[in-house]
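Remarks on the overall topology
Now for the letters of each chain:
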Amino acid sequence: MYYQLSAADQHSMKTAYWEAEMAGMDPTWLGGNTFDLGTGQIEKVSALISKHKLDILVESEYEPTGYRR
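The shown structure was predicted, so the numbers you read here are calculated from the model rather than taken from an experiment. (Residues numbered from 1 in each chain as written. Predicted model: local features only at pLDDT ≥ 70, side-chain atom pairs only at ≥ 80, totals over all residues. Heavy atoms only, no water.)

Our next topic: the sheet that holds strand E4 (residues 55-60). Sheet strands pair via backbone hydrogen bonds, and the direction of the pair is either parallel or antiparallel. In spatial order, the strands read E2-E3-E1-E4; together these 4 strands make up an open sheet with antiparallel pairing. The two strands at the open ends of the sheet, each matched to only one other strand, are strand E2 (28-31) and E4. Pairs of neighbouring strands in the sheet enclose a mean axial angle of 20 degrees, with direction left out of account. Relative to strand E3 (residues 34-38), E2 runs antiparallel, the two being bridged by 3 bridges. Opposite Thr28, over in E3, you have Asp36 as the bridge partner. Where helix H1 (residues 10-22) meets the sheet, its contacts fall on E2 and E3, and the angle it forms with E3 comes to roughly 20 degrees. (Pairing = 2+ DSSP bridges. Helix = DSSP H or I, 4+ residues; strand = E, 2+ residues; numbered from the N terminus. Axes fitted to C-alpha atoms, helices over the stretch in contact; angles between N-to-C directions. Contact = heavy atoms within 4.5 Å.)

Next up, the structure:
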């Protein structure tokens, strides 16, 4: 699964990002209070979203690549 998440403030973003990093979810900071995750660990992502009150901007089966046929 691919998630793009946004936090309400910088502190929440930093702590959620750090927690995702320590859990092995390989987050990528996108600027501001937004980061993304590509992971199969849906339970961990759900717990992270609830704990840090994150907003889900994008949720999909695959990471968007911009490739078109």
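Moving on from the coordinates now.
Moving on, we come to the nonpolar core. Leu5, Met25, Phe35, Leu37, Val45, Leu48 and Leu54 are the most contacted members of the largest nonpolar core, which has 13 residues in total. Every element with two or more residues in this core is listed here: strand E1 (2-6), H1, E3 and helix H2 (42-52). Excluding residues that lie within four positions of it along the chain, Leu5 makes contacts with Asn33, Thr34, Phe35, Leu37, Ile49, Leu54, Asp55 and Ile56. (Core = buried A, V, L, I, M, F, W, Y, C linked by side-chain atoms within 4.5 Å. Buried < 20%, exposed > 50% of the residue type's maximum accessible area, 1.4 Å probe, protein only.)

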